[in-house]
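Report on the structure
Okay, here's what each chain looks like letter by letter:
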Amino acid sequence: MVRVLFVCLGNICRSPTAEGVFRDLVEREGLSGEIDIDSAGTHAYHIGEPPDGRAQAEAKRRGIDISTLRGRQAQAGDFKTFDYVLAMDRSNYQNLMRICPIGTEDKLGMFLDFAPALERREVPDPYYEGGFDVVYDMIDEAAQGLLADIRTKHL
Ligand code: 4NP
């Protein structure tokens, strides 16, 4: 089993969208039995909450349902459980580096590094600024790159 964790700040906009998009892709490729997917936030603000209504609406518009997901906070133990711990922006990356146990740093990465054609490393935070459609497109592209990477290295 390959385990993937997507991480943003609140776990209500970007990372649950990434979880839903990647799960949908993995299901369509018939790989659900081989790839385990979760998401978390670096902060505790939204523990137990469903995704932001705007993220849910954008996902629904694209044909996926993320309404049943619930916010949780990332923890040090996630670096033992997961093979990929993927940050949405540099701030998330730095917060994760602070809780990352020694020897597991190689599991931490920037999600958009799997979408080199985008020529950007960060998924912008849409919570205050909006842009859920643009965020969704970035996530969709990186999800495909991530699956290609997993196929090459693990399957
Ligand atoms: P996310 O977006 O990190 O993509 O889930 C945010 C959600 C909540 C807040 C900030 C960003 N907040 O400040 O509560």
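Now for a description of the structure that goes with this document.

Here the focus is the packing of aromatic side chains. For the coordinates displayed, the defined rule picks out four aromatic pairs. Between phenylalanine 6 and phenylalanine 111 the ring centres are 5.0 Å apart and the planes differ by 70°, which places this aromatic pair in the edge-to-face class. Taken together, the positions of phenylalanine 6 in strand S1 (residues 2-8) and phenylalanine 111 in the loop between strand S4 (108-110) and helix H5 (126-129) put the pair 105 residues apart, joining distant regions of the chain. Under the relative-accessibility criterion, phenylalanine 6 is labelled buried at 0%. Residue classification places phenylalanine 111 among the buried residues on the basis of a relative accessible area of 0%. Among the aromatic residues, those joined into a cluster by ring pairs are Phe6, Phe22 and Phe111.

Attention now moves to the site of the ligand. Lining the immediate environment of the ligand, one finds Cys8, Leu9, Gly10, Asn11, Ile12, Cys13, Arg14, Tyr45, His46, Asp125, Tyr127 and Tyr128. In the environment of the ligand, an oxygen atom lies 2.9 Å from a nitrogen or oxygen atom belonging to the backbone of leucine 9. One of the side-chain nitrogen or oxygen atoms of histidine 46 is found 2.8 Å away from an oxygen atom of the ligand. Protein contact buries 93% of the 350 Å² of open area that the ligand shows by itself. Of the residues assigned to the shell around the ligand, the class counts are seven nonpolar, three polar and two charged.

Turning our attention to the state of the cysteines. In the structure shown here, the tally under the stated rule is zero disulfides. Lacking any disulfide linkage, cysteine 8 is separated from the closest cysteine sulfur, that of cysteine 13, by 6.9 Å. Cysteine 100 takes part in no disulfide bond, and the closest cysteine sulfur to it belongs to cysteine 8, at a distance of 18 Å. A relative accessible area of 10% places cysteine 100 in the buried class.

Thresholds, definitions, all that
Residues numbered from 1 in each chain as written. Predicted model: local features only at pLDDT ≥ 70, side-chain atom pairs only at ≥ 80, totals over all residues. Heavy atoms only, no water. Phe/Tyr/Trp six-rings, centres within 6.5 Å; stacked < 30°, edge-to-face > 60°. Helix = DSSP H or I, 4+ residues; strand = E, 2+ residues; numbered from the N terminus. Buried < 20%, exposed > 50% of the residue type's maximum accessible area, 1.4 Å probe, protein only. Near = heavy atom within 4 Å. Polar contact = N/O pair within 3.5 Å; in protein donor to acceptor, adjacent residues only side chain to side chain. Areas by Shrake-Rupley, 256 points an atom, 1.4 Å probe, with all protein chains shown as cover. Nonpolar A, V, L, I, M, F, W, Y, C, P; charged D, E, K, R; others polar. Disulfide = S-S within 2.5 Å.

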